[in-house]
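Read off the chains here:
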Amino acid sequence: MSDRLQLFLMNLLPKNTVSRLAGRFAGSGFSRLFIPYYIRKFNINLHEVEKRWEEYPSLVEFFIRRLKEEARPIDRSAGSIISPVDGKVAQLGAIEDGNLVQAKGVFFTVEELLGGDRKRAERYRGGTFLTVYLSPTDYHRIHMPLDGAVNGSTYVPGTLFPVNPFGVRAVNGLFAKNERLITYFDTEAGEVALVKVGATIVGSVKVEYDELAGTNIKGGRLEQKELTDGPRYAKGEEVARFEFGSTIILLFEPGQVVLSDQLQNEASVRMGEKIGQVVGR
């Protein structure tokens, strides 16, 4: 099937409604019957999972499973930046003229990504970005890339196109069209934005610092919060989770960080491993 035909069919699909229904099913007790199939289909490594799979009451609870502490060691070296997730690098590099790369020849702006927040977008002009895609196989909890305190949060409503290779190829400005939940942190590398992008069948994105915040909310509206005394999290500490998979985008201010030379498109990363260094540390 061609990308054009797939995109036409995706546009006809009520993606947000389908995703909400899928989320409800995955959270039901009946869905636990599908956990063994999920394990086989995606070759889940049960040796690193915190509990036996039989102990999970639903498919979504297994999907957001925690891992044994030793399964993801955290790089504690001074000034190191760690991967906040397991996944595959989709794009990375400099934010040139306020633009980020989605795919070869396809761009979108930081301002669009941040829900039209021009003032905040200016902070990242000339900075650095990293996009990581999480597949159904991956661990789906999101951790701090470095020590920091939450200073703001934005929910941006939108559609829910898939963020797989088809979606990235076919949907211009995909990450600025899909709904997203953005967390801003004050860190030793200046302000860092952690953008969590929703996708088809992603039931919800949750954050640790606000139990009311989430995505895929019927009738949801743009909501921006400034937190003058937000909670502080240590590097490697859990800060959010995807209830089914998607993509995260990290934004860094100019001159603050250097990403590892080992990071290349399609490279696999694991939560806790070093992906960069704060300049001057």
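About the thresholds
Residues numbered from 1 in each chain as written. Predicted model: local features only at pLDDT ≥ 70, side-chain atom pairs only at ≥ 80, totals over all residues. Heavy atoms only, no water. UniProt positions renumbered as here; feature names shortened; annotations may be inferred. Salt bridge = Lys/Arg side-chain N within 4 Å of Asp/Glu carboxyl O. Helix = DSSP H or I, 4+ residues; strand = E, 2+ residues; numbered from the N terminus. Pairing = 2+ DSSP bridges. Axes fitted to C-alpha atoms, helices over the stretch in contact; angles between N-to-C directions.

Named according to an unreviewed UniProt entry, the protein chain is Phosphatidylserine decarboxylase proenzyme originating from Tumebacillus lipolyticus. UniProt lists a comment for the protein chain under the heading Sequence similarities (unreviewed entry), and it reads "Belongs to the phosphatidylserine decarboxylase family. PSD-B subfamily. Prokaryotic type I sub-subfamily." As its UniProt record puts it under Catalytic activity (unreviewed entry), the protein chain is described as follows: "a 1,2-diacyl-sn-glycero-3-phospho-L-serine + H(+) = a 1,2-diacyl-sn-glycero-3-phosphoethanolamine + CO2".

**Q** Can you help me understand the pattern of salt bridges in this one?
**A** A side chain with one charge may pair with a side chain of the opposite charge, provided their charged atoms come close. On inspection of all chains with the given rule, the structure shows 16 salt bridges. Across the pair Arg120 and Glu226 runs a salt bridge, and its minimum N-O distance is 3.0 Å. Taken together, the residues span a long stretch of sequence, with Arg120 in helix H6 (residues 118-124) and Glu226 in strand E11 (residues 223-226) at a distance of 106 residues. Arg241 is paired through a salt bridge with Glu208; the nearest N and O atoms lie 3.7 Å apart. Residue Arg241 is found in strand E13 (residues 238-243), and its partner Glu208 is found in the loop between strand E10 (204-207) and E11; the two are separated by 33 residues along the sequence.

**Q** Looking at this structure, how should I read the sheet that holds strand E17 (residues 274-278)?
**A** In a beta sheet, neighbouring strands pair by backbone hydrogen bonds and run either parallel or antiparallel. Read from one edge of the open sheet, 3 strands run E1-E17-E15, paired in antiparallel fashion. Only two strands of the sheet have a single partner each, and these edge strands are strand E1 (80-82) and strand E15 (257-259). Direction aside, neighbouring strands of the sheet carry axes that sit 30° apart on average. Bridging between E1 and E17 involves 3 bridges; their strand directions are antiparallel. Within the sheet, the bridge partner assigned to Ser80 lies in E17 and is Gln277.

**Q** What exactly am I supposed to notice about unusual backbone geometry here?
**A** Trans is the prevailing form of peptide bonds, just as negative phi is the prevailing case for residues other than glycine. Non-glycine residue Asp97 carries a positive phi angle of around 55°. Checked against the element boundaries, Asp97 lands in the loop between strand E2 (87-94) and strand E3 (99-103). Of note, the phi angle at Glu266 is positive, near 80°, even though the residue is not glycine. Relative to the elements of secondary structure, Glu266 occurs in the loop between E15 and strand E16 (268-269).

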